[in-house]
Amino acid sequence: LHQGLDHSLANITVNDAMTPTPIICYADESLERVMTKMVDNNIRHLPVVYKDELEGMLSITDIVEELLKKAKFENKLLKTIFRTGQKKWKWNNNL
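These numbers were taken from a predicted model, which means no experiment stands behind them.

A.B. asks: Can you help me understand the overall build of the chain in this one?
C.D. replies: Across its full length, the chain carries three helices and three strands. Tracing the chain from N to C terminus, the helices and strands come up as α-β-α-β-β-α. A buried classification covers 13% of the 95 residues belonging to the chain. A separation of at least 24 residues holds for 22% of the contacts in the chain among residues at least 6 apart in sequence.

A.B. asks: I'm lost on the sheet that holds strand 3 (residues 53–59) in this one. Help?
C.D. replies: Neighbouring strands of a sheet are bound in pairs by backbone hydrogen bonds; such pairs are parallel or else antiparallel. Spatially, three strands are ordered 1-2-3 in an open sheet, and the strand pairing comes out mixed. Edge positions in the sheet fall to strand 1 (25–26) and strand 3, since each has one partner strand and no second. As judged from the six bridges shared by strand 2 (residues 45–50) and strand 3, these two strands associate in the antiparallel manner. Opposite Pro47, over in strand 3, you have Met57 as the bridge partner. Relative to strand 3, helix 2 (residues 31–41) is tilted by about 75 degrees, and along the sheet it contacts strand 1, strand 2 and strand 3.

A.B. asks: I tried to follow helix 2 on my own but got confused; where do I start?
C.D. replies: Looking only at helix 2, the buried set comprises Val34, Lys37 and Met38. Down the axis of helix 2, the smallest arc covering the buried residues is 95 degrees, so these residues share one side. Exposed and facing more than 90 degrees away from the buried side of helix 2 are Glu32, Arg33, Val39 and Asp40. Positive phi shows up at Asn42, right after helix 2, with a value of about 50 degrees.

Cut-offs applied
- Residues numbered from 1 in each chain as written.
- Predicted model: local features only at pLDDT ≥ 70, side-chain atom pairs only at ≥ 80, totals over all residues.
- Heavy atoms only, no water.
- Helix = DSSP H or I, 4+ residues; strand = E, 2+ residues; numbered from the N terminus.
- Buried < 20%, exposed > 50% of the residue type's maximum accessible area, 1.4 Å probe, protein only.
- Contact = heavy atoms within 4.5 Å.
- Pairing = 2+ DSSP bridges.
- Axes fitted to C-alpha atoms, helices over the stretch in contact; angles between N-to-C directions.
- Arc of directions from axis to C-beta.

Have a look at this one:
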């Protein structure tokens, strides 16, 4: 063991420390539903299950990254709509 670590940790297994029946999410669940699970249960990581097999882990960071991508896309779309709308407005007012 690394110096400074509690030597009693050498006798503790992962099985002793793990959550035996973790809350899980499914690959086809919405992010909104999964976020609710995470908030309601105060957890930051969820195992992702698909067809009764572990597919991976989902973290709060993964969700925030997806929300940020969505927000950036919507921001860009709104800016485009606004600019297009402004041009049409100017054109209509020049008549």
